[in-house]
Amino acid sequence: MTRPDPPTVSGERAALDAWLDFHRSTLLYKCQGLTGDQLAQRAVPPSSLSLLGLVRHMADVERVWFRVRVAAEPGLRPRHWTDEFPDGDFDLAEPSGAAADFAAFRQECDLARAAAAGRPLDGTFVHERDGSTIDLRWVYLHMIEEYARHNGHADLLRERIDGVTGD
């Protein structure tokens, strides 16, 4: 797994796309070389936080922010969480499902890129929960922040699993 280095000089849209892709790749980088059992290993009781849970969580975050909210694709629901299992992305992560979960994550990233492509950064939508108006630029920044936070969790989880540290 290699991670693309974001350009040091670019336009706003290119920079946002590059940094978001960098963080997407970083999550995958932190997971490479681990078994399903290692990926599903929980941090510390009672937390259900795991690397596999983070991958599942971010697949749903990509789906909800870009496809449900920005592109307003009808009928889409999160893949891993429901009203019955609001933390299903973490609580229901199973080692045997790791390959499918990684494929779903990659697919959601591709579909998120497609949903954002061609839309202006100042294009807006109304958030369904609180009625606030949000632009695509905010979504990019939020996603970069969310990945940065969770990639920090991934650093600690990976170190706990096998001692691997690094970028």
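All figures in this text were calculated on a predicted structure; none of them were measured in a lab.

> Account for helix α6 (residues 136-162), with residues named and values stated.
An ideal rise of 1.5 Å per residue puts 39 Å on 27 residues; α6 measures up with 38 Å between its terminal C-alpha atoms. Just downstream of α6 lies G163, where phi reads positive at about 85°.

> Tell me about the packing of helix α1 (residues 12-31) against α6, and please be specific about residues and values.
Close contact between α1 and α6 brings their axes to 9 Å; oriented N to C, the two are set at 25°. For the element pair α1 / α6, the angle class is roughly parallel. Once α1 is placed against α6, the crossing between them reads as left-handed. Across the contact of α1 with α6, the residue classes tally to 14 nonpolar, three polar and eight charged.

> Please provide a residue-by-residue account of the environment of R113, values included.
Relative to the assigned elements, R113 resides in helix α5 (residues 98-116). Remark: the alpha-carbon pair of R113 and A148, spanning 35 residues in sequence, is separated by 18 Å. Every residue in contact with R113, bar those within four places of it in the chain, is listed here: D21 and R24.

> Just give me the short version of the side chain of E108, but keep the residues and values in it.
With respect to the helices and strands, the residue E108 is situated in helix α5. At a separation of 2.8 Å, a polar atom in the side chain of E108 contacts the side chain of R79. Ignoring any residue separated from it by four or fewer positions in sequence, one finds E108 in contact with A59, E62, R63, R67 and R79.

> Can you lay out the packing of aromatic side chains for me, pointing to particular residues and giving the numbers?
A complete count under the given rule lists four aromatic pairs for this structure. Here the aromatic rings of W65 and F125 are separated by 6.4 Å at their centres, their planes lie at 65°, and the arrangement is edge-to-face. Of the two residues, W65 is situated in helix α3 (residues 51-70) and F125 in strand β1 (residues 124-126); the sequence distance between them amounts to 60 residues. Of the two residues, W65 and F125, neither departs from the other in class, the shared state being buried. Measuring from ring centre to ring centre gives 5.8 Å for F66 and Y140, while their planes differ by 75°; the resulting arrangement is edge-to-face. Of this pair, F66 sits in helix α3 while Y140 sits in helix α6; the two residues are 74 residues apart in sequence, bridging distant segments of the chain. Of the two residues examined, F66 and Y140, each falls in the buried class.

Definitions and limits used
Residues numbered from 1 in each chain as written. Predicted model: local features only at pLDDT ≥ 70, side-chain atom pairs only at ≥ 80, totals over all residues. Heavy atoms only, no water. Helix = DSSP H or I, 4+ residues; strand = E, 2+ residues; numbered from the N terminus. Expected span 1.5 Å × (residues − 1). Axes fitted to C-alpha atoms, helices over the stretch in contact; angles between N-to-C directions. Parallel < 35°, antiparallel > 145°, perpendicular 65-115°, else oblique. Left-handed = near helix turned anticlockwise from the far one by under 90°. Nonpolar A, V, L, I, M, F, W, Y, C, P; charged D, E, K, R; others polar. Contact = heavy atoms within 4.5 Å. Polar contact = N/O pair within 3.5 Å; in protein donor to acceptor, adjacent residues only side chain to side chain. Phe/Tyr/Trp six-rings, centres within 6.5 Å; stacked < 30°, edge-to-face > 60°. Buried < 20%, exposed > 50% of the residue type's maximum accessible area, 1.4 Å probe, protein only.

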